[in-house]
Amino acid sequence: MKIVKQNNRLVTPDKVTIPFIEGDGIGKEITPVCRAAVDVAVGKAYGGSRSICWREVLAGEKAFCATGSWLPDETVEAFRAYVVGLKGPLTTPVGEGIRSLNVALRQALDLYVCLRPVRWISGLPSPVKAPYKVNMVIFRENTEDIYAGIEWQQGTPEANKFLKFLTEEMGVTGIRFPETSAFGVKPVSVEGTERLVRAAIEYALANRLPSVTLVHKGNIMKYTEGGFKRWGYELAQREYAKELAEGKFFIQDVIADAFLQNTLLTPEKYSVVATLNLNGDYISDQLAAMVGGVGIAPGANICYESGHAIFEATHGTAPDIAGKNMANPSSLFLSSAMLLKYIGWTEAANLMVAAMDKLLAGGKATYDIARFMPNGETLGTVEFGEHLVNLIAGES
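Conventions adopted
- The numbering scheme is per chain: residues are counted from 1 as the chain's sequence reads.
- Totals for whole chains, interfaces and linings use every residue, but because this is a predicted model, local features are given only for residues with pLDDT of at least 70 and side-chain atom pairs only at 80 or more, for both listing and counting.
- No hydrogens and no water enter the side-chain calculation; it runs on all heavy atoms of the structure.
- Secondary structure follows DSSP: runs of H or I at least 4 residues long count as helices, runs of E at least 2 residues long count as strands, and numbering of each begins at the N terminus.
- The globule rule is 2.2 Å times the number of residues to the power 0.38, and the radius of gyration it is compared with is taken over C-alpha atoms.
- Categorising residues by exposure relies on relative accessible area from a 1.4 Å probe, with only protein chains included: less than 20% of the type maximum marks a residue as buried, more than 50% marks it as exposed, and the intermediate range marks it as partly exposed.
- Whether two residues are in contact is decided by their heavy atoms, any of which lying within 4.5 Å being enough.
- Note on areas: Shrake-Rupley, 1.4 Å probe, and residue coverage restricted to the protein chains presented here.
- Charged-residue counts in this description rest on Lys and Arg as positive and Asp and Glu as negative, His and the chain ends being excluded.
- To locate a charge, take atom NZ for lysine, CZ for arginine, CG for aspartate or CD for glutamate.
- Each polar contact in these results corresponds to two N or O atoms within 3.5 Å; when the atoms are within protein, one needs to be able to donate a hydrogen and the other to accept it, and residues that are neighboring in sequence are counted only if both atoms are side-chain atoms.
- Multiply 1.5 Å by the residue count of a helix minus one, and that product is the helix's expected span.
- For this analysis, a ring pair means two rings from Phe, Tyr or Trp (six-membered ring only for Trp) whose centres lie within 6.5 Å, classed as stacked if their planes differ by under 30 degrees, edge-to-face if by over 60, and tilted for the remaining angles.

This part takes up the overall build of the protein chain. Each helix and strand counted, the protein chain has 14 helices and 16 strands in total. For a compact globule of 396 residues, the expected C-alpha radius of gyration is about 21 Å, and the protein chain comes in at 22 Å, within 12% of that figure. Burial analysis of the protein chain (396 residues in total) assigns 50% to the buried set. In the protein chain, the share of contacts with a sequence separation of at least 24, taken over all contacts with a separation of at least 6, comes to 73%. For the protein chain, the accessible area works out to roughly 17,900 Å², and carbon and sulfur atoms hold 53% of it. The positive charge centre, built from 39 side chains, and the negative charge centre, built from 43, are 5 Å apart in the protein chain.

Right under this line is the structure:
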(Lines give C-alpha, C1' and ligand atoms only; values in the text may rest on other atoms or scores of the structure.)
Protein backbone atom coordinates (compact mmCIF):
# COMPACT_ATOMS: atom_id res chain seq x y z
CA MET A 1 0.00 0.00 0.00
CA LYS A 2 3.02 2.31 0.27
CA ILE A 3 5.13 3.98 -2.39
CA VAL A 4 8.80 3.06 -2.11
CA LYS A 5 11.93 4.30 -3.82
CA GLN A 6 14.04 1.62 -5.50
CA ASN A 7 16.99 2.06 -7.85
CA ASN A 8 16.50 5.82 -7.89
CA ARG A 9 12.84 5.62 -8.97
CA LEU A 10 9.47 5.53 -7.25
CA VAL A 11 7.58 2.24 -7.26
CA THR A 12 3.84 2.72 -6.82
CA PRO A 13 1.57 -0.24 -5.97
CA ASP A 14 -1.72 -0.52 -7.81
CA LYS A 15 -3.56 0.03 -4.52
CA VAL A 16 -1.77 2.91 -2.83
CA THR A 17 -2.39 4.90 0.37
CA ILE A 18 -1.91 8.66 0.09
CA PRO A 19 -2.21 10.90 3.17
CA PHE A 20 -3.90 14.26 2.80
CA ILE A 21 -4.47 17.41 4.84
CA GLU A 22 -7.93 18.83 4.21
CA GLY A 23 -6.80 22.38 4.98
CA ASP A 24 -8.36 25.38 6.68
CA GLY A 25 -10.92 27.86 5.36
CA ILE A 26 -11.83 26.88 1.80
CA GLY A 27 -9.78 23.70 2.18
CA LYS A 28 -12.90 21.98 3.49
CA GLU A 29 -14.58 22.68 0.14
CA ILE A 30 -11.85 22.28 -2.46
CA THR A 31 -10.13 19.16 -1.09
CA PRO A 32 -13.15 16.83 -1.40
CA VAL A 33 -13.72 18.09 -4.96
CA CYS A 34 -10.15 17.27 -5.95
CA ARG A 35 -10.06 13.87 -4.28
CA ALA A 36 -13.27 12.91 -6.06
CA ALA A 37 -11.83 14.01 -9.41
CA VAL A 38 -8.63 12.03 -8.83
CA ASP A 39 -10.63 8.90 -8.01
CA VAL A 40 -12.66 9.21 -11.21
CA ALA A 41 -9.55 9.85 -13.31
CA VAL A 42 -7.75 6.83 -11.86
CA GLY A 43 -10.81 4.64 -12.38
CA LYS A 44 -11.27 5.85 -15.96
CA ALA A 45 -7.59 5.49 -16.90
CA TYR A 46 -7.03 2.04 -15.44
CA GLY A 47 -10.44 0.38 -15.49
CA GLY A 48 -10.48 -0.27 -11.77
CA SER A 49 -7.08 -1.99 -11.62
CA ARG A 50 -5.58 0.91 -9.69
CA SER A 51 -7.00 2.96 -6.83
CA ILE A 52 -6.07 5.36 -4.04
CA CYS A 53 -6.90 4.87 -0.37
CA TRP A 54 -7.00 8.38 1.06
CA ARG A 55 -5.80 8.76 4.66
CA GLU A 56 -6.60 12.04 6.38
CA VAL A 57 -3.95 13.53 8.63
CA LEU A 58 -4.29 16.72 10.66
CA ALA A 59 -2.62 20.12 10.48
CA GLY A 60 -3.69 23.72 11.01
CA GLU A 61 -6.83 24.75 12.86
CA LYS A 62 -8.40 21.29 12.65
CA ALA A 63 -5.32 19.76 14.25
CA PHE A 64 -5.11 22.45 16.93
CA CYS A 65 -8.75 21.95 17.93
CA ALA A 66 -8.36 18.16 18.05
CA THR A 67 -4.89 17.77 19.55
CA GLY A 68 -3.64 21.16 20.78
CA SER A 69 -0.88 21.07 18.18
CA TRP A 70 -0.84 22.96 14.88
CA LEU A 71 1.31 20.27 13.28
CA PRO A 72 1.22 16.93 15.14
CA ASP A 73 4.23 14.64 14.87
CA GLU A 74 1.92 11.95 13.54
CA THR A 75 1.19 14.06 10.47
CA VAL A 76 4.85 14.53 9.60
CA GLU A 77 5.51 10.83 10.16
CA ALA A 78 2.61 9.87 7.88
CA PHE A 79 4.03 11.95 5.04
CA ARG A 80 7.45 10.44 5.72
CA ALA A 81 6.10 6.87 5.72
CA TYR A 82 3.84 7.16 2.67
CA VAL A 83 6.30 9.33 0.69
CA VAL A 84 3.73 11.33 -1.31
CA GLY A 85 0.84 13.44 -0.02
CA LEU A 86 -1.73 16.12 -0.81
CA LYS A 87 -2.31 19.30 1.19
CA GLY A 88 -5.01 21.95 1.21
CA PRO A 89 -4.29 25.55 2.29
CA LEU A 90 -3.32 26.07 5.93
CA THR A 91 -3.67 28.95 8.36
CA THR A 92 -0.43 30.27 9.84
CA PRO A 93 -0.85 30.82 13.59
CA VAL A 94 -0.77 34.49 14.58
CA GLY A 95 1.22 35.41 17.67
CA GLU A 96 1.88 31.83 18.73
CA GLY A 97 2.99 28.44 17.58
CA ILE A 98 4.88 27.61 14.40
CA ARG A 99 6.16 30.49 12.27
CA SER A 100 4.69 28.83 9.15
CA LEU A 101 3.10 25.40 8.87
CA ASN A 102 4.08 25.17 5.23
CA VAL A 103 7.72 26.02 5.95
CA ALA A 104 7.74 23.61 8.91
CA LEU A 105 6.59 20.72 6.71
CA ARG A 106 9.16 21.53 4.04
CA GLN A 107 11.98 21.66 6.56
CA ALA A 108 10.89 18.54 8.46
CA LEU A 109 10.94 16.44 5.26
CA ASP A 110 13.75 18.39 3.55
CA LEU A 111 11.46 19.24 0.63
CA TYR A 112 14.05 21.50 -0.91
CA VAL A 113 12.35 22.12 -4.28
CA CYS A 114 9.21 24.19 -4.58
CA LEU A 115 8.09 23.16 -8.07
CA ARG A 116 5.72 25.59 -9.79
CA PRO A 117 4.79 24.93 -13.43
CA VAL A 118 3.16 27.97 -15.04
CA ARG A 119 1.30 27.90 -18.35
CA TRP A 120 -1.67 29.68 -19.86
CA ILE A 121 -4.89 27.76 -20.47
CA SER A 122 -7.06 28.98 -23.33
CA GLY A 123 -9.99 30.98 -22.03
CA LEU A 124 -8.30 32.30 -18.91
CA PRO A 125 -8.26 36.08 -18.48
CA SER A 126 -4.84 37.72 -18.39
CA PRO A 127 -3.49 41.26 -17.90
CA VAL A 128 -0.84 40.68 -20.61
CA LYS A 129 -1.27 40.67 -24.39
CA ALA A 130 0.27 37.29 -25.14
CA PRO A 131 -0.17 34.98 -22.14
CA TYR A 132 0.21 31.96 -24.45
CA LYS A 133 3.95 32.71 -24.53
CA VAL A 134 4.24 31.91 -20.82
CA ASN A 135 5.24 28.27 -20.31
CA MET A 136 7.82 27.88 -17.54
CA VAL A 137 8.67 25.61 -14.65
CA ILE A 138 10.04 27.31 -11.54
CA PHE A 139 12.47 25.47 -9.25
CA ARG A 140 12.46 27.56 -6.08
CA GLU A 141 14.91 26.62 -3.32
CA ASN A 142 12.78 25.81 -0.31
CA THR A 143 14.96 25.49 2.78
CA GLU A 144 17.53 28.30 2.84
CA ASP A 145 17.66 32.07 2.23
CA ILE A 146 15.78 34.35 4.63
CA TYR A 147 13.02 31.72 4.97
CA ALA A 148 15.37 29.85 7.30
CA GLY A 149 13.84 32.12 9.96
CA ILE A 150 17.10 33.27 11.56
CA GLU A 151 16.25 36.76 12.80
CA TRP A 152 16.12 38.89 15.91
CA GLN A 153 13.54 41.51 16.83
CA GLN A 154 14.62 45.13 17.27
CA GLY A 155 15.40 46.10 20.84
CA THR A 156 15.78 42.58 22.23
CA PRO A 157 18.89 41.38 24.08
CA GLU A 158 19.51 38.97 21.22
CA ALA A 159 19.46 41.76 18.64
CA ASN A 160 21.81 43.84 20.79
CA LYS A 161 24.15 40.89 21.17
CA PHE A 162 24.18 40.30 17.43
CA LEU A 163 24.80 44.00 16.80
CA LYS A 164 27.73 43.92 19.20
CA PHE A 165 29.15 40.90 17.39
CA LEU A 166 28.82 42.60 14.01
CA THR A 167 30.41 45.84 15.06
CA GLU A 168 33.03 44.70 17.55
CA GLU A 169 33.99 41.27 16.22
CA MET A 170 33.37 41.65 12.49
CA GLY A 171 34.12 45.35 12.08
CA VAL A 172 30.82 46.13 10.35
CA THR A 173 30.26 49.88 9.94
CA GLY A 174 27.50 50.06 7.32
CA ILE A 175 24.43 49.72 9.54
CA ARG A 176 22.63 53.03 9.13
CA PHE A 177 20.57 52.99 12.36
CA PRO A 178 22.15 50.28 14.51
CA GLU A 179 20.29 50.88 17.77
CA THR A 180 16.85 50.56 16.18
CA SER A 181 17.58 47.79 13.67
CA ALA A 182 16.21 44.27 13.57
CA PHE A 183 18.49 41.64 12.05
CA GLY A 184 18.14 38.58 9.86
CA VAL A 185 20.62 36.09 8.45
CA LYS A 186 20.48 34.80 4.85
CA PRO A 187 22.16 31.38 4.58
CA VAL A 188 22.87 30.14 1.05
CA SER A 189 25.05 27.04 0.72
CA VAL A 190 26.96 25.22 -1.99
CA GLU A 191 25.07 21.99 -1.25
CA GLY A 192 21.67 23.67 -1.24
CA THR A 193 22.40 25.41 -4.52
CA GLU A 194 23.82 22.35 -6.24
CA ARG A 195 20.95 20.01 -5.44
CA LEU A 196 18.40 22.57 -6.62
CA VAL A 197 20.21 23.31 -9.89
CA ARG A 198 20.82 19.59 -10.46
CA ALA A 199 17.09 18.90 -10.08
CA ALA A 200 16.27 21.71 -12.52
CA ILE A 201 18.73 20.41 -15.10
CA GLU A 202 17.47 16.84 -14.75
CA TYR A 203 13.92 18.08 -15.26
CA ALA A 204 14.93 20.04 -18.37
CA LEU A 205 16.68 17.01 -19.86
CA ALA A 206 13.85 14.59 -18.99
CA ASN A 207 11.26 16.87 -20.57
CA ARG A 208 13.47 18.01 -23.48
CA LEU A 209 13.28 21.65 -22.48
CA PRO A 210 15.93 23.92 -23.99
CA SER A 211 17.26 25.98 -21.10
CA VAL A 212 17.86 26.40 -17.39
CA THR A 213 17.99 30.00 -16.17
CA LEU A 214 19.58 30.94 -12.84
CA VAL A 215 17.77 33.96 -11.40
CA HIS A 216 19.61 35.85 -8.68
CA LYS A 217 20.55 39.25 -7.25
CA GLY A 218 24.26 38.54 -7.21
CA ASN A 219 25.20 42.03 -8.32
CA ILE A 220 24.27 43.24 -4.82
CA MET A 221 24.43 40.13 -2.59
CA LYS A 222 27.72 38.96 -4.01
CA TYR A 223 28.50 36.05 -1.71
CA THR A 224 25.01 34.60 -1.20
CA GLU A 225 23.10 35.14 -4.42
CA GLY A 226 26.34 35.66 -6.32
CA GLY A 227 27.47 32.34 -4.89
CA PHE A 228 24.22 30.74 -6.09
CA LYS A 229 25.00 31.87 -9.63
CA ARG A 230 28.63 30.72 -9.54
CA TRP A 231 27.94 27.37 -7.89
CA GLY A 232 25.08 26.72 -10.32
CA TYR A 233 27.30 27.26 -13.35
CA GLU A 234 30.07 25.16 -11.84
CA LEU A 235 27.67 22.29 -11.15
CA ALA A 236 26.34 22.38 -14.72
CA GLN A 237 29.80 22.46 -16.26
CA ARG A 238 31.13 19.73 -13.96
CA GLU A 239 28.26 17.22 -14.11
CA TYR A 240 26.60 18.00 -17.46
CA ALA A 241 29.50 18.94 -19.74
CA LYS A 242 28.50 16.30 -22.30
CA GLU A 243 24.87 17.42 -22.46
CA LEU A 244 25.91 21.05 -22.75
CA ALA A 245 28.37 20.23 -25.54
CA GLU A 246 25.73 18.25 -27.41
CA GLY A 247 23.26 21.15 -27.15
CA LYS A 248 20.70 19.19 -25.15
CA PHE A 249 20.22 22.29 -23.00
CA PHE A 250 21.96 25.56 -22.26
CA ILE A 251 22.38 27.41 -18.99
CA GLN A 252 22.11 31.16 -18.50
CA ASP A 253 21.57 33.62 -15.67
CA VAL A 254 19.54 36.81 -15.21
CA ILE A 255 19.45 39.41 -12.44
CA ALA A 256 16.13 39.04 -10.60
CA ASP A 257 14.70 42.50 -11.34
CA ALA A 258 15.60 42.20 -15.02
CA PHE A 259 14.01 38.75 -15.09
CA LEU A 260 10.71 40.10 -13.73
CA GLN A 261 10.72 42.68 -16.53
CA ASN A 262 11.69 40.10 -19.15
CA THR A 263 8.86 37.76 -18.18
CA LEU A 264 6.46 40.51 -19.23
CA LEU A 265 8.29 41.37 -22.45
CA THR A 266 9.83 38.10 -23.70
CA PRO A 267 8.58 35.19 -21.58
CA GLU A 268 9.18 32.74 -24.42
CA LYS A 269 12.94 32.96 -23.72
CA TYR A 270 12.61 30.92 -20.53
CA SER A 271 11.61 27.32 -19.88
CA VAL A 272 13.12 26.00 -16.61
CA VAL A 273 14.05 28.56 -13.94
CA ALA A 274 16.18 27.85 -10.87
CA THR A 275 16.22 30.49 -8.16
CA LEU A 276 16.52 31.21 -4.46
CA ASN A 277 13.70 31.10 -1.94
CA LEU A 278 12.60 34.74 -1.78
CA ASN A 279 13.09 35.40 -5.49
CA GLY A 280 11.07 32.28 -6.23
CA ASP A 281 8.20 33.52 -4.08
CA TYR A 282 7.93 36.75 -6.07
CA ILE A 283 8.50 35.13 -9.46
CA SER A 284 5.98 32.33 -8.99
CA ASP A 285 3.16 34.68 -8.05
CA GLN A 286 3.90 37.19 -10.82
CA LEU A 287 3.89 34.44 -13.44
CA ALA A 288 0.69 33.02 -12.00
CA ALA A 289 -0.96 36.45 -12.30
CA MET A 290 0.08 36.59 -15.96
CA VAL A 291 -1.81 33.39 -16.79
CA GLY A 292 -4.96 33.77 -14.69
CA GLY A 293 -4.00 34.13 -11.05
CA VAL A 294 -2.76 32.09 -8.12
CA GLY A 295 -6.14 30.37 -7.96
CA ILE A 296 -5.16 28.18 -10.92
CA ALA A 297 -1.45 27.79 -10.07
CA PRO A 298 -0.40 24.26 -9.06
CA GLY A 299 2.64 23.45 -6.97
CA ALA A 300 4.62 20.79 -5.15
CA ASN A 301 7.37 20.56 -2.57
CA ILE A 302 9.81 17.76 -3.37
CA CYS A 303 12.98 16.07 -2.16
CA TYR A 304 14.23 14.24 -5.23
CA GLU A 305 16.80 12.19 -3.31
CA SER A 306 14.29 10.58 -0.92
CA GLY A 307 11.29 10.87 -3.23
CA HIS A 308 9.19 12.65 -0.60
CA ALA A 309 6.72 15.13 -2.07
CA ILE A 310 3.69 17.11 -0.94
CA PHE A 311 1.40 18.55 -3.60
CA GLU A 312 -0.55 21.57 -2.48
CA ALA A 313 -2.85 24.46 -3.15
CA THR A 314 -0.55 27.43 -3.68
CA HIS A 315 -3.03 30.02 -2.38
CA GLY A 316 -4.32 30.89 1.08
CA THR A 317 -7.34 29.82 3.10
CA ALA A 318 -9.59 32.68 1.86
CA PRO A 319 -11.72 32.86 5.04
CA ASP A 320 -13.89 35.63 3.54
CA ILE A 321 -15.48 33.18 1.08
CA ALA A 322 -15.19 29.95 3.09
CA GLY A 323 -18.46 28.04 3.21
CA LYS A 324 -20.06 30.09 0.40
CA ASN A 325 -19.53 27.62 -2.46
CA MET A 326 -17.35 30.21 -4.23
CA ALA A 327 -13.85 28.79 -3.82
CA ASN A 328 -11.79 27.86 -6.86
CA PRO A 329 -10.42 24.30 -6.62
CA SER A 330 -8.24 24.66 -9.76
CA SER A 331 -4.88 25.05 -8.00
CA LEU A 332 -5.33 21.93 -5.87
CA PHE A 333 -6.93 20.10 -8.82
CA LEU A 334 -3.89 20.70 -11.05
CA SER A 335 -1.56 19.92 -8.14
CA SER A 336 -3.41 16.61 -7.78
CA ALA A 337 -2.73 15.93 -11.45
CA MET A 338 0.95 16.68 -10.78
CA LEU A 339 0.83 14.12 -7.96
CA LEU A 340 -0.51 11.45 -10.31
CA LYS A 341 2.19 12.18 -12.86
CA TYR A 342 4.86 12.12 -10.15
CA ILE A 343 3.87 8.61 -9.01
CA GLY A 344 3.84 7.38 -12.59
CA TRP A 345 0.09 7.41 -13.24
CA THR A 346 0.43 9.73 -16.21
CA GLU A 347 -2.68 8.60 -18.06
CA ALA A 348 -4.91 9.64 -15.15
CA ALA A 349 -3.04 12.93 -14.81
CA ASN A 350 -3.58 13.68 -18.50
CA LEU A 351 -7.32 13.10 -18.15
CA MET A 352 -7.49 15.68 -15.37
CA VAL A 353 -5.47 18.30 -17.26
CA ALA A 354 -7.53 17.80 -20.43
CA ALA A 355 -10.75 18.22 -18.45
CA MET A 356 -9.54 21.48 -16.93
CA ASP A 357 -8.42 22.80 -20.31
CA LYS A 358 -11.77 21.97 -21.89
CA LEU A 359 -13.88 23.43 -19.09
CA LEU A 360 -12.01 26.74 -18.98
CA ALA A 361 -11.86 27.02 -22.76
CA GLY A 362 -15.65 26.74 -22.70
CA GLY A 363 -15.92 29.81 -20.46
CA LYS A 364 -17.00 27.94 -17.32
CA ALA A 365 -15.20 28.86 -14.10
CA THR A 366 -15.68 29.86 -10.48
CA TYR A 367 -16.51 33.48 -9.71
CA ASP A 368 -12.93 34.72 -9.26
CA ILE A 369 -12.16 33.87 -12.90
CA ALA A 370 -15.53 33.87 -14.65
CA ARG A 371 -16.16 37.55 -13.85
CA PHE A 372 -13.20 38.49 -16.06
CA MET A 373 -14.14 36.19 -18.95
CA PRO A 374 -16.15 37.51 -21.90
CA ASN A 375 -19.51 35.76 -21.45
CA GLY A 376 -18.06 33.71 -18.60
CA GLU A 377 -20.39 31.32 -16.79
CA THR A 378 -19.98 31.33 -13.01
CA LEU A 379 -20.05 27.96 -11.29
CA GLY A 380 -20.01 27.20 -7.60
CA THR A 381 -17.22 25.08 -6.15
CA VAL A 382 -19.36 21.95 -6.11
CA GLU A 383 -20.73 22.53 -9.61
CA PHE A 384 -17.27 23.26 -11.00
CA GLY A 385 -16.09 19.95 -9.57
CA GLU A 386 -19.07 18.11 -11.00
CA HIS A 387 -18.35 19.48 -14.47
CA LEU A 388 -14.72 18.36 -14.20
CA VAL A 389 -15.72 14.88 -13.06
CA ASN A 390 -18.16 14.56 -15.96
CA LEU A 391 -15.51 15.62 -18.46
CA ILE A 392 -13.01 13.15 -17.00
CA ALA A 393 -15.59 10.38 -17.16
CA GLY A 394 -16.43 11.29 -20.74
CA GLU A 395 -20.03 12.13 -19.94
CA SER A 396 -20.04 15.67 -21.37
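Examined against the element boundaries, Ser-271 turns out to sit in the loop between helix H9 (256-265) and strand E12 (272-275). Ser-271 sits in the buried class, given a relative accessible area of 7%. There is a polar contact of 2.9 Å between the side chain of Ser-271 and the backbone oxygen of Ser-211. If sequence neighbours within four positions are ignored, Ser-271 has contacts with Asn-135, Met-136, Val-137, Leu-209, Pro-210 and Ser-211.

Here we come to helix H1 (residues 27-46). With 20 residues, H1 should reach 28 Å at 1.5 Å per residue; the first-to-last C-alpha distance of 28 Å fits that figure. By the burial criterion, the buried members of H1 are Gly-27, Glu-29, Ile-30, Thr-31, Val-33, Cys-34, Ala-37, Val-38, Ala-41, Val-42 and Tyr-46. The secondary structure elements touched by the buried residues of H1 are strand E3 (15-21), strand E4 (51-56), strand E14 (309-313), helix H11 (330-342), helix H12 (346-361) and helix H14 (381-393). Looking one or two residues beyond H1, the residue adopting positive phi is Gly-47, at roughly 60 degrees.

Turning to the environment of Leu-264, a few remarks are in order. Relative to the helices and strands, Leu-264 resides in helix H9. On a C-alpha basis, the gap between Leu-264 and Leu-340 in space is 31 Å, while along the polypeptide they are 76 residues apart. If sequence neighbours within four positions are ignored, Leu-264 has contacts with Val-128, Gln-286 and Met-290.

Here we take up the packing of aromatic side chains. Remark: the centre distance and the inter-plane angle together describe each pair of aromatic rings, the angle taken between the planes. This structure, assessed with the given rule, holds 11 aromatic pairs. Note on Phe-259 and Tyr-270: the rings are 4.8 Å apart at their centroids and 65 degrees apart in plane angle, and the pair reads as edge-to-face. Of this pair, Phe-259 sits in helix H9 while Tyr-270 sits in the loop between H9 and E12, placing them 11 residues apart in sequence. On the basis of relative accessibility, which here comes to 0%, the residue Phe-259 falls in the buried class.

Here Pro-319 is to be found in the loop between E14 and H11. Along the primary structure Pro-319 and Met-352 are separated by 33 residues, whereas in three dimensions their C-alpha atoms are 27 Å apart.

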